[in-house]
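Observations on the model geometry
The chain contents come next:
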Amino acid sequence: MASLGPDESGAHDGNGAQDGNGATDSLPPPPPVIPADFVPTQVEEPEPVKKKVVRVPISRRGLASRGQKISLLTNHFKVNVSNVEGHFFHYSVSVSYEDGRPVDGKGTGRRVIDRVQETYNAELSGKDFAYDGEKSLFTVGPLPRNKLEFTVVLEDITSNRNNGNASPDERGSPNQSDRKRLRRPYQSKTFKVEISYAAKIPIQAIANALRGQESENSQEAFRVLDIILRQHAAKQGCLLVRQSFFHNDPNNFADVGGGVLGCKGFHSSFRTTQGGVSLNIDVSTTMIIQPGPVVDFLIANQNVRDPFSIDWAKAKRTLKNLRIKTITSNQEYKITGLSEKPCNEQLFSLKQKNVKDGDGEVQALEITVYDYFVNHRNIDLRYSGDLPCINVGKPKRPTYIPLELCQLVSLQRYTKALTSLQRASLVEKSRQKPQERMNALSNALRNSKYDAEPMLRSCGISISTNFTQVEGRVLTAPRLKVGNGEDFFPRNGRWNFNHKKLVQPTKIERWAVVNFSARCDIRSLVRDLIKCGDMKGIHIDPPFDVFEENPQFRRSPPMVRVEKMFEEIQSKLPGAPQFLLCLLPERKNSDIYGPWKRKNLAEFGIVTQCMAPTRVNDQYLTNCLLKINAKLGGLNSLLAVEHSPSIPIVSKVPTIILGMDVSHGSPGHSDIPSIAAVVSSRQWPLISRYRAAVRTQSPKVEMIDSLFKRVSDTEDDGIIRELLVDFYTSSGKRKPEQIIIFRDGVSESQFNQVLNIELNQIMEACKFLDEKWNPKFAVIVAQKNHHTKFFQPGSPDNVPPGTVVDNKVCHPRNYDFYLCAHAGMIGTTRPTHYHVLFDEIGFSPDDLQELVHSLSYVYQRSTTAISVVAPVCYAHLAASQVGSFIKFEDASETSSSHGGMTSAGPVPVPQLPRLQEKVCNSMFFC
């Protein structure tokens, strides 16, 4: 039977059922006979259905030209494709055991398919495969038949990632019959493999994509190329994380504490660019579990002195599903749990080969695991006797192995959130200066030996070894306004307030200090703060009082400590303070922070600043004052073009700027609600003042679902209405005629959703406020996690702040550009990749890039240009601060994802409390 080609589909319109050959197996029934006296009735015309507009990202509107030209190199390597006449053939694969159970686990699938290729090379016409490890397999040109079935046998299934120090298996346990007794996986297994034709993809589609004609075919063709890279890495025994590959080389491991290692590897993927196809290679880091003895990992993970101090309940959760090898046999297992009792008490039934009872049945002996290993296997156990055993068996049939015989296999990902100490250690150990990174990338390309990859050769793909040259431009930093009418030019993306006043300083009159048991000299801290404020133009009265925490509550739960402190404050203060300075004992992750912020902002409407007074100097106090000034309604600096107002397009008519972001729980806590935050500019023509609206939504949902929330015919409880109303009241009763949206954290596959779901909701919210109002929109996505980097040829320095690139490595059709607004002080600068998805406002490329660049200079918390526009940064800050109001319990220690569903349906998401009126329009998130 012939299979369908890629452009034929199994079902056709019109009558007649079909078999798979596309032949019609019955004629349509004859039309009914119309009676002679039939009078046709007039059918009412249905109202024309409003066709829903489906928006797609706009195409580029030419190149910008402002700025000083600069020659750069980028980590894209040019790719030539010579076999454009050929086709990729896509086959679907099913791999199952003899009894028909499907095989799960990519490693096994890959080994089975490799074996099929070795064993049946002639039947497959010697074709090379690109296999994704799951259900898809690709070839260049067709296989001999559309459906193929094979049976293969695999010996002893273990991984090709040795942990370096386990002895190789010299068929090697003290006696061979133990294998059966320990219920190890069988020595060999038989697999059934079915390969059936699914589709055909012209390699020509790659060339079409370069001309800006992207299609499903071209996306598929690039997917095939990326699968070839993944397979190439898998064959070298790498850990694969999407398009990043990690070799099992201890030189690439860096200990970040807690039994976790940072593992350095490489990202490698094909991209369509204006300059043709390129291979984008970058350094990548993932977290892995420290390989080697399980006991060493647990001691490091729990930060204890010896195995006898380990918390075994916690250990059980941490170890579940990790893979180990045993020292004695080098056999690999997955950990399913721990024994209930210690090794020297845990019994199991040992069948005795040569001892039979009266009925001829083999007799079983109840024996401890310890006794079995020491006396029957003659294996010396030094310390495992009193510790639980590792269980690698099934729930009903446990298999116990003493702890000291177990070694964790290398390259097992660690997916929980890192602590702030681990994160700091990782950053320090993985950063590389630009030249260092370029050398690492050149070596990675050389060592990858892509030119020897048979699938790439059969597509006629060759990869250049040179970094691609691009032309960038360095935009001039915007002029800033500070106090006393002074103008100021930032240098190298930085400035400071030494001997300068803030542009709009506030007064701090009714305030107090609250100390949660932090050790510090409060009197001199207050004195220094008042003096520092005075130099910046902020008048600070002496505090009303200092509230010290009652020592008896120091060990109480955080909520109780905050409650008690507020009782104290209310009993002593004559009225609500304007501001509270809160001293915390820990610098990072203090558990008082969330409850304290919630109490102040949601219940009392008090502005508050937390600080950990460990290393207080002038710089630290200035940074605190910048935040306090912004929170209390002041401004630290302004753009000169904002002051005069002369920002192209934005200053001409009322314009609101939105920054949108969704933050998700860390990978280990997949059932924590996601938090959506939108910030909006206020007091037009300013673009330096913002306020925020924050809501929870279902876990891991990236699209913001509460932009427009119709509660009744006249009520909308959505985020956008709240922000628009504030803009109207703060901008002299003017509605915005232009709405510029910056969206963070969405990938290219979600651009259409941003345009057709989120933008629609925002438009609906506008219409709901006023049917006749038609503002113009622009939508720009800011991406930080991509893998394009820029380098200055022959220079050890990062690219200068203000560097913009909109050619060569940008998209062949879509409107995107890269901008490094900030000065990269350490490591290699990561540019922000901006994608303009929609623009009714009509920005010229120069004006738009200038606006984005300027918005990197209005961040009130620091005296530097930042790497992404301020509204996006603020949305991020607002989400994390308001998110800390609710303490989501760690529902699961391991990363078992439920996605917020139970058998009863979706779990209701806890709502965040709304902020008090006095602070809801403030920059509380600063």
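Above: the structure in question.
I will try to describe carefully the structure that is included in this document. Since the structure is predicted, the reported quantities are computational estimates derived from the model, not experimental observations.

Regarding the overall build of the chain
The helix and strand inventory of the chain stands at 20 helices and 41 strands. Classification of the 926 residues of the chain by burial places 52% in the buried group. For the chain, long-range pairs separated by at least 24 residues make up 73% of all intrachain contacts whose partners lie at least 6 apart in sequence. Carbon and sulfur atoms form 49% of the exposed surface of the chain, whose accessible area is close to 44200 Å².

Quick look at the environment of serine 268
With respect to the secondary-structure elements, serine 268 resides in strand E10 (residues 260-273). Judged by its relative accessible area of 2%, serine 268 is buried. With 14 residues separating them along the chain, serine 268 and aspartate 282 place their C-alpha atoms 6.7 Å apart. The contacts of serine 268, once residues within four sequence positions are left out, are Leu229, Gln243, Phe245, Leu279, Asn280, Ile281 and Tyr450. Here tyrosine 450 takes part through its side chain, which lies 3.0 Å from a polar atom of the side chain of serine 268.

With respect to the pairing of strand E6 (residues 188-202)
Two faces, one strand: in a regular strand the side chains alternate between the faces of the sheet. Strand direction decides the pairing type here: strand E2 (residues 87-97) and E6, joined by 11 bridges, are antiparallel. Looking at E6, one finds that histidine 87 is bridged to proline 202. In the sheet, strand E5 (residues 147-155) pairs with E6 via 9 bridges, with the strands oriented antiparallel. Looking at the pairing, phenylalanine 150 lines up with valine 193 of E6.

Remarks on the sheet that holds strand E20 (residues 406-408)
Reading across the sheet, the 4 strands line up as E12-E20-E13-E14 and stay open at both edges, with antiparallel pairing between neighbours. Looking at strand neighbours, the two that pair on one side only are strand E12 (292-293) and strand E14 (332-334), the edges of this open sheet. As paired strands, strand E13 (residues 323-326) and E20 are joined by 3 bridges and run antiparallel to one another. Each bridged residue has a counterpart across the sheet, and for threonine 326 the counterpart in E20 is cysteine 406.

Remarks on helix H11 (residues 522-536)
Side chains three or four residues apart in an α-helix point the same way, a direct result of the helix having 3.6 residues per turn. For H11, which comprises 15 residues, the first-to-last C-alpha distance of 21 Å matches the rise-based estimate of 21 Å (1.5 Å per residue) to within 8%. Buried within H11 we find Ile522, Ser524, Leu525, Val526, Leu529, Cys532, Gly533 and Lys536. Close packing links the buried residues of H11 with strand E25 (511-515), strand E26 (539-540), strand E27 (546-548), strand E28 (579-583), strand E29 (607-611) and helix H14 (618-631). A side-chain oxygen of the first residue of H11 lies 3.3 Å from the backbone nitrogen of arginine 523; this N-cap is aspartate 521. Where H11 terminates, the next one or two residues include glycine 537, which has phi positive at roughly 95°.

A closer look at the side chain of histidine 853
With respect to the helices and strands, histidine 853 occurs in helix H18 (residues 845-854). Given a relative accessible area of 0%, histidine 853 falls into the buried group. Those residues within four positions of histidine 853 in sequence are excluded, and the remaining contacts are Leu475, Thr476, Ala477, Pro478, Gly802, Leu819 and Ala821.

Observations concerning unusual backbone geometry
The omega angle of the peptide bond from tryptophan 684 to proline 685 is 15°, so this bond is cis rather than trans. Mapped onto the fold, proline 685 is located in the loop between strand E32 (674-681) and strand E33 (690-697). Here the phi dihedral of lysine 808 falls at roughly 60°; this positive angle occurs in a residue that is not glycine. Counting through the fold element by element, lysine 808 comes out in the loop between strand E37 (803-805) and strand E38 (815-820). The exposure class assigned to lysine 808 is partly exposed, which follows from its relative accessible area of 37%.

Here's the deal with the pairing of strand E34 (residues 738-744)
Counting buried positions along E34 yields 7 of 7 residues, so the element is predominantly enclosed. With burial as the criterion, each face of E34 is covered, one bearing Gln738, Ile740, Phe742 and Asp744 and the other bearing Ile739, Ile741 and Arg743. Bridge count for strand E31 (residues 655-663) against E34 is 6 bridges, and the pairing is parallel. For leucine 658, the partnering residue across the bridge sits in E34 and is isoleucine 741. When E34 meets strand E35 (residues 776-783), the two strands line up parallel, connected through 7 bridges. Its bridge partner being in E35, isoleucine 741 is matched across the sheet by valine 779. Traced from E34 through helix H17 (residues 751-769) to E35, the parallel crossover comes out right-handed.

The rules behind each value
Residues numbered from 1 in each chain as written. Predicted model: local features only at pLDDT ≥ 70, side-chain atom pairs only at ≥ 80, totals over all residues. Heavy atoms only, no water. Helix = DSSP H or I, 4+ residues; strand = E, 2+ residues; numbered from the N terminus. Buried < 20%, exposed > 50% of the residue type's maximum accessible area, 1.4 Å probe, protein only. Contact = heavy atoms within 4.5 Å. Areas by Shrake-Rupley, 256 points an atom, 1.4 Å probe, with all protein chains shown as cover. Polar contact = N/O pair within 3.5 Å; in protein donor to acceptor, adjacent residues only side chain to side chain. Pairing = 2+ DSSP bridges. Expected span 1.5 Å × (residues − 1). Right-handed = clockwise from strand over helix to strand, strands pointing away.

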